[in-house]
Amino acid sequence: MIVWKEMARAKVRFGLLIGAIALLVFLILFQQALRDGLITSFTGAIEHQTAPVLVYSTDGRRNLQSSSITPELAAQVRAVDGAAAVGRIGQSTLSVRAGGSITAAAVIGYERRDLGAPQDLVAGRYPAAEGEGVANETDASEGFGLGKVVRIAPGGYPIRIVGQSRDTNLQASPTVFVRYGSWEQAVLAANPDARKPLPNALGLRPAAGVSPDELVARVNRLNPELEALTRHDAATKAPGVAQVSRSFLVIFLLYGLVVPLVIGLFFLIVTLQKARTLTLLRAIGARSRTLVWALIVQVLVVVGLGIAIGTLLYLPVSFLRVGSIPLQFDTTAVVGWGLGILALGVASSWFSARRVLRIEPAEALSGGGLGA
Amino acid sequence: MRLALREMRRQPGRFATAVALLTLIAMLLMLLGGLLDGLIQRSTGAIRAQPADLVVFSAASEHSFLRSRISPEIRARVAAVPGVTRVGGIGVSQLAARVPGNGPRDLVDVALFGYEEAPSGLPSPPAAGRAYADRVFEDQGVKKGDTLSLGPARTPVRVIGFVEDVSYSGAGTLWASPQTWRDVQDANRPGSSVGAGVFQALVVRTSGDASAVARRIDRATGGATVTVSRADAADAIGGVRQQRSVFNQIIGVTLVIAIVVVALFFALLTVERIGLYGMLKAIGARSRTLFGGVVVQAVVVALMAATIGSGFALLLDRTLPPGTIPYQLLPNRLIVSSIALVLAAVVGSAFSLRRVLRVDPASAIGRSS
């Protein structure tokens, strides 16, 4: 009862702390969404394509565009024991005229739909002819909507968007999946000096009884100039992904430091300020346990409200784009961070609780308190 | 002020927590700043070294070397623009290189530039098949006289010397003649082959107002080009803007943390000293003097933290093995970080102002007695 009365009387003080926590929660959830969006935008096209195994040239350093598979290497891979099917995959980042402006787009060409196309479509259909493509649904606002025609610049080679997929961007650019021949034509259109491009990678499907990991090991034993990776490894071990994750880990550690610091210091100050009151309460019979429990209830209410308001602030932002990166509302992240911050908040009230437990009721007679 | 400093001398333990926390923050600030500077330097060295006021790209390239093509006809039009004093072609191939003695999968990232106008630290272009190498390759086992095999075609390029601070997009660079660059590109990237006389971009020296010359160039080519300053061309390298933005954001959050830490620490200290302030006010001390003391203490705490943090940053710079993390300490970064920390401390301590102003000498005396 006394907990609520105190909070109602010091609305501004507690309101400020709730506001600060809400801001921190908003910032954490926003950064989390930014990190997830960045990684998905960089490698979503690899993670969500159909080939269970991808083979790069060692020269590619796990970067699809930098890899280049010569006919000799391709022949070796096609002959490997345990591969049920092999398909060429090509990728180039090209300038594209879309929605009235020029933008860089990743164009991915696949020879077989089961080896390099998006796993699922959310609208439309897969390309059935040259000059047709599937774009990521979030790029519709950039001129890559269903039914739109984008043109390679220069050259003007047209690609009509006939399908939409989800989370299939590459290199944080609008991404279009086309048939292999369309990719070759797009490359030749963009550069009149170009010769027929080599495939950047090969997509492999393991034969029955062979796991993707086994197939990867077999291909890697073939030739040191080849580097095979499972779909998941190709996405998570792509250049830049680890650096992005590490950078954001530093940010989250900072937040992990500031959240308990802010909450802990605030409640310590509040405890010191009401030292005389707490001493008097102890003198008239209030038990230490009751006072500590009141403190914890205050922490839970303040942090809980902060988390709720922060999540509400984050909700509309999670549907926006930051530059070329689409954000998404991630319930798991909200629940995880909410519980984490609540735990940090309660843990940080330990200093205040210790002060409360050290109150000496006899000091009420001399007007003392917690050292205030 | 003397009272504030005397308190710090007599009770150093009371301020140790704040110094320790702010030192951690100072270290973090300088580490983040050093990482940002290292990343930017490693990405933009090749462009910063260009002997140019302007860089000309093709219009649809969005300032990307890899998507830009400048034909000999466009180059002739650029050269004829009033105010253009020198024009040089430039092109780059980003590949992996095999270093003699390294394992078959132990490759290094390479950006091979073909140039006409010598960048700073380089002579005129070497003979075909030879190149000057970025000094960073020395840490990867490359020696003068080594022949590197570039790309899947294993195009041989012999290293004939080294040059400093010319990295590009995080990779070490090789500097060769335009013909060597074309041969490498043609052999390894058939989809990005370039014809005779074609370059990816032009570097342009000007006389007079460079931005006016840039506008004249784009008009003269009928909009086929986009001409930008050398600094803008460096900024347009993939990832540079994003890295700067993300790191500056982290640095900003770190400074906010510093403000919050100082604010809460001095709020706590002020609460503990209410009685003392009341006594001082009762004997004639003004609120301004008392608050000035709080600010002085905050500044001293921040200066101590900045000094220890700078020592850490210098130590890291000296002891970090090359090639581990892209950390580079610039004197400006130390100065700016220290000033920012002191300002954050002043702002943070200002949150105690209201509390100091509200101290009532009469009640303070009553409480003490």
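What you are looking at is a predicted structure, and each value in this text was computed from that prediction instead of being measured.

## Some words on the overall build of chain A
- A tally of regular secondary structure across chain A gives 12 helices and 12 strands.
- Against the 2.2 N^0.38 benchmark of 21 Å for 372 residues, chain A shows a C-alpha radius of gyration of 29 Å, more extended than a compact globule.
- For the C-alpha atoms alone, the extent of chain A along its principal axes is close to 95 × 50 × 30 Å.
- Here chain A, with 372 residues, has 47% of them falling under the buried criterion.
- The long-range fraction of contacts in chain A, counting pairs at least 24 apart against all pairs at least 6 apart in sequence, stands at 81%.

## Points about the interface of chain B and chain A
- If you look at the interface, chain B gives 37 residues, while chain A gives 38 residues.
- Only strand E2 (84-98), strand E3 (107-115) and helix H7 (240-272) of chain B provide two or more residues apiece to the side of chain B that touches chain A.
- Looking at the side of chain B that touches chain A element by element, the count peaks at 12 residues for H7 of chain B.
- Across the side of chain B that touches chain A, the residue classes break down as 20 nonpolar, 10 polar and 7 charged.

## Quick notes on the domain arrangement of chain A
Residue and element names in this part refer to chain A.
- In terms of domain boundaries, chain A breaks down into domain 1 (2-42 + 241-366) and domain 2 (48-235).
- Domain 1 and domain 2 are separated by 46 Å when their C-alpha centres are compared.
- Each side of the interface is counted separately: domain 1 has 8 residues, and domain 2 has 6 residues.
- Of all the elements in the fold, those that place two or more residues in the side of domain 1 that touches domain 2 are helix H2 (11-47) and strand E12 (325-326).
- Per-element accounting of the side of domain 1 that touches domain 2 gives the leading share, 4 residues, to H2.
- Residues that form the side of domain 1 that touches domain 2 fall into these classes: 4 nonpolar, 3 polar and 1 charged.

## Brief notes about the pairing of strand E3 (residues 101-110) of chain A
All names here are of chain A.
- Taken across its 10 residues, E3 has 8 buried, putting it largely inside the fold.
- Both strand E2 (residues 83-98) and E3 contribute to a ladder of 10 bridges, which runs antiparallel. The partner of Ser 95 across the bridge, within E3, is Ala 104.
- In this antiparallel pair of consecutive strands, E2 and E3, the connection spans 2 residues, and Gly 99 shows a positive phi of 60 degrees.
- Note that E3 and strand E8 (residues 175-179) share 5 bridges and pair parallel. Bridging from a neighbouring strand, Ala 106 pairs with Thr 175 of E8.

## Structural notes on the nonpolar core
- In this structure, Val 25 and Val 55 of chain A together with Leu 22, Val 261 and Leu 341 of chain B are the most contacted members of the largest nonpolar core, which totals 146 residues.
- The greatest single-element share of this core, amounting to 15 residues, is contributed by H2 of chain A.
- Apart from residues no more than four positions distant in its own chain, Val 55 of chain A is found in contact with Val 77, Ala 201, Leu 202, Leu 204, Val 219, Leu 226 and Ala 228 of chain A.
- If you look at the next biggest cluster of nonpolar residues, it comprises 62 residues, including Val 56, Ala 133, Val 166 and Ile 237 of chain B.

## Concerning the domain arrangement of chain B
All names here are of chain B.
- Each assigned domain of chain B is listed here: domain 1 (2-44 + 240-368) and domain 2 (63-235).
- At the interface, 8 residues of domain 1 touch 8 residues of domain 2.
- Mapped by element, the contributors of at least two residues to the side of domain 1 that touches domain 2 are helix H2 (12-48) and H7.
- In terms of residues, the side of domain 1 that touches domain 2 owes the most to one element, H2, which gives 4 residues.
- Considering only residue class, the side of domain 1 that touches domain 2 consists of 2 nonpolar, 4 polar and 2 charged.

## Notes on the environment of Gly 278 of chain B
Residue and element names in this part refer to chain B.
- Within the element layout of this structure, Gly 278 appears in helix H8 (residues 274-282).
- Look at Gly 278 and you get partly exposed, because 19 C-beta atoms sit within 10 Å.
- Sequence separation between Gly 278 and Phe 291 is 13 residues, and the spatial gap between their C-alpha atoms is 13 Å.

Thresholds applied
- Residues numbered from 1 in each chain as written.
- Chains lettered and ligands numbered in written order.
- Predicted model: local features only at pLDDT ≥ 70, side-chain atom pairs only at ≥ 80, totals over all residues.
- Helix = DSSP H or I, 4+ residues; strand = E, 2+ residues; numbered from the N terminus.
- Rg over C-alpha atoms; globule rule 2.2 N^0.38 Å.
- Buried ≥ 20, exposed ≤ 12 C-beta atoms within 10 Å, placed from the backbone.
- Contact = placed C-beta atoms within 7 Å.
- Nonpolar A, V, L, I, M, F, W, Y, C, P; charged D, E, K, R; others polar.
- Domains from an automatic or database assignment.
- Pairing = 2+ DSSP bridges.
- Core = buried A, V, L, I, M, F, W, Y, C linked by C-beta atoms within 7 Å.

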